[in-house]
Protein chains: 2
Amino acid sequence: MAAIRNEEELIRQVLNIFSGHLERGGLRRTPERFAILEEIYRRNDHFDAEALYIHMKNRNYRVSRATVYNTLELLVSCDLVKKHQFGKNLAQYEKSFGYKQHDHAICGNCGKVVEFCDPRVQQIKDMVGELLNFQITHHSLNLYGICGNCRKEIEMGIVRNQAKVAVDEPGWGD
Amino acid sequence: MAAIRNEEELIRQVLNIFSGHLERGGLRRTPERFAILEEIYRRNDHFDAEALYIHMKNRNYRVSRATVYNTLELLVSCDLVKKHQFGKNLAQYEKSFGYKQHDHAICGNCGKVVEFCDPRVQQIKDMVGELLNFQITHHSLNLYGICGNCRKEIEMGIVRNQAKVAVDEPGWGD
DNA sequence: CTTGGTGCAAACAATTTGCAAGCGC
DNA sequence: GCGCTTGCAAATTGTTTGCACCAAG
């Protein structure tokens, strides 16, 4: 299914979009910014700023946390990345270009995040926006609960409460 | 509409519920815990831990932040208080007993939080839970945008970005 | 009187900021 | 070269923890 091809294609595309966004805003096209965007689009999970920072370090990039945060904010502002709060004081991010809008179900036991899509969300946004005279720009819908696997584990007496999911792999990128 | 009467009645009720919850859990009924619960139920807004702490101080209570946080967690665990994250790294709370489930629209300009209710949310929870084999326990749906007032102000060139809303009034109690 | 709860302050974790040096334009 | 960006570390912010004392059961 040519997934790799599509990935490279996608990356070229988002780098371009970002480049244009920077130019339009009179912002500088630094290698750090592009490197961060590229690494984000090579991942397929939800991640936090620290994980991305570690990831960049593992790949032998020379970046600081400040730049990671700075760039993430830029990317959010041009809609290439989405920022979430899944109930904790820790911002989670995910790439968003080329994906259809979706929401999240979060397992309170293992921390797994599953995406879903329901057209009724849009209907609610439209209707509530009109009703409250709010100009809705975006939303966040999170369903919290226990996933099927964890329910089984819990029934068998195993409890892992909040195990970390999606840790970064050690550096092989030399 | 006898709002005051109802408020006193409601407060008696929640104090009772909390008392039972503490007893059932083998926890102590301290004056601080009841005082915090009572103050929460005399407020009608969304507030953060610090605001509640200041509020208690203004009312001449002798409480520490630690006790405020501790008690808030207790109250959340027995469903007398709900905890929210409105997109920032700052937990917001609101009383929840006697209110029907609702969600929130947040103005990104003035910070105003408006509540709304839509039955489709429950439908989504049910359907997605079944679909993903998740046992959904709770959810959070936040719509972000600009409220009518702010839109007008912005059109007139006034921008207040993130003005603080619902600050605590100075102490008049005593 | 036993032990959990408290106030206080120090510790922590996530994020932001200040500043000197570096590099895109 | 000008000044936005960077790396680094220190500062801030929200929340948690450690500890000596207090008071509920």
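Each remark here, short or long, concerns the structure printed above.
A brief structural summary. (Residues numbered from 1 in each chain as written. Chains lettered and ligands numbered in written order. Predicted model: local features only at pLDDT ≥ 70, side-chain atom pairs only at ≥ 80, totals over all residues. Heavy atoms only, no water.)

### Focus on the side chain of Asp103(B)
Residues and elements named next belong to chain B.
(1) Moving on: Tracing the backbone through its elements, the reader meets aspartate 103 in strand β4 (residues 103–107).
(2) Moving on: Although aspartate 103 lies buried, it forms no salt bridge, and the closest oppositely charged side chain, lysine 125, sits 7.6 Å away as judged by the N-O distance.
(3) Moving on: Separated by 3.5 Å, the side chain of aspartate 103 and the backbone nitrogen of leucine 141 make a polar contact.
(4) Moving on: Residues contacting aspartate 103, with those up to four places away along its chain left out, are Val114, Glu115, Phe116, Val121, His139, Ser140 and Leu141. (Helix = DSSP H or I, 4+ residues; strand = E, 2+ residues; numbered from the N terminus. Buried < 20%, exposed > 50% of the residue type's maximum accessible area, 1.4 Å probe, protein only. Lys, Arg positive; Asp, Glu negative; His and termini not counted. Salt bridge = Lys/Arg side-chain N within 4 Å of Asp/Glu carboxyl O. Polar contact = N/O pair within 3.5 Å; in protein donor to acceptor, adjacent residues only side chain to side chain. Contact = heavy atoms within 4.5 Å.)

### What to know about the interface of chain A and chain B
(1) Moving on: Across the boundary between the two partners, chain A contributes 36 residues, which contact 36 residues of chain B.
(2) Moving on: Around 3,200 Å² of area is buried between chain A and chain B when both sides are counted, 64% of it from carbon and sulfur atoms.
(3) Moving on: The interface formed by chain A and chain B includes 0 salt bridges.
(4) Moving on: One can count 18 residue pairs in polar contact (both at pLDDT 80 or more) joining chain A with chain B.
(5) Moving on: Residue assignment for the side of chain A that touches chain B shows that the elements contributing at least two residues are β4 (103–107), β5 (113–116), α5 (119–132), β6 (134–147) and α6 (148–155) of chain A.
(6) Moving on: Per-element tally for the side of chain A that touches chain B: the top contributor is β6(A), with 14 residues.
(7) Moving on: Split by residue class, the side of chain A that touches chain B holds 18 nonpolar, 13 polar and 5 charged.
(8) Moving on: In this structure, β6(A) lies alongside strand β6 (residues 134–147) of chain B, joined through 13 bridges in antiparallel fashion. From the neighbouring strand, Asn142(A) faces β6(B), where its bridge partner is Ser140(B). (Buried area = accessible area lost by both parts, 1.4 Å probe. Nonpolar A, V, L, I, M, F, W, Y, C, P; charged D, E, K, R; others polar. Pairing = 2+ DSSP bridges.)

Taken by themselves, the reported measurements are silent on function.
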